[in-house]
Amino acid sequence: MQEYAIVDIETTGGNAQSSAITEIAIIIYNGSKVVKRWETLINPQKEIPFNITVLTGITNSMVSSAPVFDEVAYQIYDLLNNRIFVAHNVNFDYSFIHFQLQQAGLNWFARKLCTVRAARKILPGQPTYSLGKLCKALGIPHENHHRAGGDADATLILLKKLLQNDTHKEIDQLLKRRVPQQNLPPNLAMEEFEQLPEKPGVYYFYNKEHKVVYIGKAVNIKKRVASHFSGNKTTEQRQLFLKDIYHISFEVCGNELLALLLECSEIQKLWPIHNKALKRFEPKFGLYSYEARSGYLYLTVGKLAKHQSCDQVFHSVQEGNEMLRNLAEQFAIDYRFCKYATYQQETVLGTNQVENDFPIVELHNKSIQEALHFVSQQKASFFIIEKGRTINEYSCVWVENGQFFGMGYLSKEIPVTNVMQIKETLIRYKSNQYLMQLIMGYAAKNAQKVHQVSVIEQED
């Protein structure tokens, strides 16, 4: 006869690696009666935060004489071994016990049954599936809320109700090994996971308020999303991440390049809380040109500002200043009209010039304009043709003057030679340095898919 180990724990915090168990209760149930019940306080060997004490009632003095986890590790292992591990929001309890048994040198794994997920399947339509409110809605007595013994007793009664009402064998399905639902975050419906396609694209995770908290790209959306939920990592960051996921949406892309570009564009538009990596790729400085009241044009390197266009972007002060020096030398620009990011009026050229000996405005401005034209000419215009989402379309990524212009999907009825019609069909996107790194890297490896755009075609 298959036995269940109904488990509840109290802890000092929300993740297994930096927090510890303060109390544990285990009830062994064989499907018809309780075989054994065991519970104990645990000395976490660290201070219990005040807010946790307020929630659970467990104080530092209560656990000071309690056994540390290692002293009861073998007893816990024997109670759990070869039994189905049952808990409300099972991955939380499982992650703590698995981690602390591992720290004690015991290699333990078990099949898991989450009563949150089982209740969603067997008792649908409840306003909430938190243990306290679910027990109230179902008439389950729930004493000593937020204490291991009281919560374990309530979970046992809930399990009995689920087993009695499981007319479609939902629990058997949940207990099958490698069922994705076993690993899904507790607040995510299986139906949303099942509708994910096995195609390239971008996926979005949403929190309870339906705000995007993470954006990712994948060659296979369903497989990639499932990988977020697999494994037994117990870091605080991962546990907060999984706890935040309530919904998923997706957008299929024709190929990995468009998925990469869409992911980056969406992240930089929405800045989801769990996306952090792309921020370091953003350039911080730019080359600007402006005309003073005197009529003279100036070149300056300065910090990038929102909603202000510049002629070139740089990741560092040194990179920007070096380019400005090179332009001043190549086009014989008076040093007094070059402003640098960390200092002004640095003598780079013409140190023997008399301060009042300014160049003729027209000749000077012509030199500045030639320098800016040179900068713009270094920026190529081209488009990349790739496969689309269906056999009847192709995708296009367009770069204009060294900046990402846009991308989209076109019917194969539009010939690749019809450059302007292709451009007019694309969706515009904001360019940035990281996007251009992706595009230029792809173009270098796939030269046969790159189509150059002439100046005449751009002007038409």
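Our subject is the structure that appears above.
Think of each chain on its own: its residues are numbered from 1, step by step along the sequence as written. Where local features are concerned, this predicted model is filtered to residues with pLDDT of at least 70; where side-chain atom pairs are given and counted, the filter is 80 or more; whole-chain, interface and lining totals use all residues. As a rule here, side-chain values cover all heavy atoms of the structure and leave hydrogens and water aside.

Asks: Which residues make up the environment of Q17, and what are the values?
Replies: Along the polypeptide, Q17 turns up in the loop between strand 1 (4–11) and strand 2 (21–29). On a C-alpha basis, the gap between Q17 and Y246 in space is 24 Å, while along the polypeptide they are 229 residues apart. Numbering of helices and strands runs from the N terminus, with a helix taken as a DSSP run of H or I at least four residues long and a strand as a DSSP run of E at least two residues long.

Asks: Provide a residue-level description of the packing of aromatic side chains, including the pertinent values.
Replies: Geometry of aromatic contacts follows a simple scheme: Phe, Tyr and Trp rings, the Trp one being its six-membered ring, pair when their centres are within 6.5 Å, and the pair is stacked under 30 degrees between planes, edge-to-face over 60, tilted otherwise. Within this structure, the stated rule accounts for 20 aromatic pairs. Both rings, one in F337 and one in F358, keep their centres 6.1 Å apart while their planes meet at 70°; by these two values the pair is edge-to-face. A residue pair is termed long-range when its members are at least 10 positions apart, and F337 in the loop between helix 13 (317–330) and strand 12 (338–339) and F358 in the loop between strand 12 and helix 14 (361–377) qualify at 21 residues. Under the scheme applied here, a residue whose accessible area is under 20% of the maximum for its type counts as buried, over 50% as exposed, and between as partly exposed, the area being computed with a 1.4 Å probe on protein chains only. The partly exposed category is assigned to F358, whose relative accessible area is 42%. Of the aromatic side chains, those joined through ring pairs into one cluster are Y203, F205, Y214, F229 and F241. Sitting over the face of the ring of Y94, K112 holds its NZ or CZ atom 4.7 Å from the ring centroid. We call a charge positioned above a ring when the Lys NZ or Arg CZ atom is no farther than 6 Å from the ring centre and deviates by at most 35 degrees from the ring normal. Positioned over the ring face of F405 is K423, at 5.0 Å from the centre of the ring.

Asks: Tell me about the sheet that holds strand 7 (residues 212–218), residues and numbers included.
Replies: Adjacent strands of a sheet pair through backbone hydrogen bonds, lying either parallel or antiparallel. A strand pair is defined by DSSP finding two or more bridges across the two strands. Strand order in the open sheet formed by three strands is 7-6-8, with antiparallel pairing between adjacent strands. Edge positions in the sheet fall to strand 7 and strand 8 (247–252), since each of these pairs with one other strand and no more. Sheet twist, expressed as the average angle between the axes of neighbouring strands with direction ignored, equals 20°. Sheet topology note: the strand 6 (residues 201–206)/strand 7 ladder contains six bridges and is antiparallel. The residue bridging Y206 from the neighbouring strand is V212, located in strand 7. In what follows, a contact means two residues having at least one pair of non-hydrogen atoms within 4.5 Å. Interaxial angles span 0 to 180 degrees and are taken between N-to-C directions of axes, which are lines fitted to C-alpha atoms, for helices over the stretch in contact. Along the sheet, helix 10 (residues 221–229) makes contact with strand 6, strand 7 and strand 8, crossing strand 6 at roughly 40°. Helix-sheet contacts for helix 12 (residues 256–270) involve strand 6, strand 7 and strand 8, and the interaxial angle to strand 7 is about 165°.

Asks: I'd like a description of the nonpolar core, backed by residues and values.
Replies: Grouping buried Ala, Val, Leu, Ile, Met, Phe, Trp, Tyr and Cys residues that are joined through side-chain atoms within 4.5 Å yields what is termed a nonpolar core. In this structure, I24, I26, I76, L80, F85, I97 and L113 are the most contacted members of the largest nonpolar core, which totals 56 residues. Beyond its immediate sequence surroundings of up to four residues, I24 is in contact with D8, I9, W38, E39, T40, I42, I76, I97 and A148. Of all hydrophobic cores here, the second largest spans 28 residues; its members include Y206, L435, L438 and I439.

Asks: Explain the side chain of N255 residue by residue, including any values.
Replies: Counting through the fold element by element, N255 comes out in the loop between strand 8 and helix 12. The term polar contact refers here to a pair of N or O atoms within 3.5 Å; inside protein, the definition further demands a hydrogen-donor-capable atom paired with an acceptor-capable atom, and it admits residues adjacent in sequence only when both atoms are side-chain atoms. A polar contact of 3.2 Å, which involves the side chain of N255, links it to the backbone nitrogen of L257. Within the structure, the side chain of N255 is placed 2.9 Å from the side chain of S395, a separation counted as a polar contact. What N255 contacts, discounting residues up to four positions off in sequence, is P200, E386, K387 and S395.

Asks: So what about the state of the cysteines? Which residues, and what values?
Replies: Any two cysteine sulfur atoms lying within 2.5 Å of each other are counted as a disulfide. Enumeration over the complete set of coordinates arrives at zero disulfides. The closest cysteine sulfur to the non-disulfide-bonded C264 is located on C253, 13 Å from its own sulfur. You can call C264 buried: its relative accessible area is 1%. C310 supplies the cysteine sulfur nearest to C338, a cysteine that is in no disulfide, at a spacing of 16 Å.

Asks: Can you tell me about the sheet that holds strand 1, naming the residues and giving the values?
Replies: The sheet built from five strands is open, its strands ordered 3-2-1-4-5 with mixed pairing. Of all the strands in the sheet, just strand 3 (34–41) and strand 5 (112–114) have a single pairing partner and so form its edges. Strand-to-strand twist in this sheet, taken as the mean axis angle between neighbours without regard to direction, amounts to 20°. Bridge count for strand 1 against strand 4 (residues 84–87) is three bridges, and the pairing is parallel. Across the sheet, Y4 pairs through a bridge with I84, a residue of strand 4. Of the strands in this sheet, strand 1, strand 2, strand 4 and strand 5 touch helix 4 (residues 90–103), which is tilted by about 80° from strand 1. Of the strands in this sheet, strand 4 and strand 5 are in contact with helix 5 (residues 115–122), which crosses strand 5 at around 55°.

Asks: Now, about the pattern of salt bridges: what can you tell me, with residues and values included?
Replies: When a carboxyl oxygen of Asp or Glu is within 4 Å of a side-chain nitrogen of Lys or Arg, the pair counts as a salt bridge. Summed over the entire model, instances satisfying the criterion amount to twelve salt bridges. For E23, the salt bridge identified is with R147, shortest N-O distance 2.8 Å. Here the residue E23 occupies a position in strand 2, and R147 occupies one in the loop between helix 6 (131–138) and helix 7 (148–165), the gap between them amounting to 124 residues. By relative accessible area, which is 22% here, R147 ends up partly exposed. The partner of R336 in a salt bridge is D334, with the nearest N and O atoms 2.8 Å apart. Taken individually, R336 and D334 each receive the classification buried, so the pair is uniform in this respect. When salt bridges that share partners are traced, they join R37, E39 and D153 into one network.

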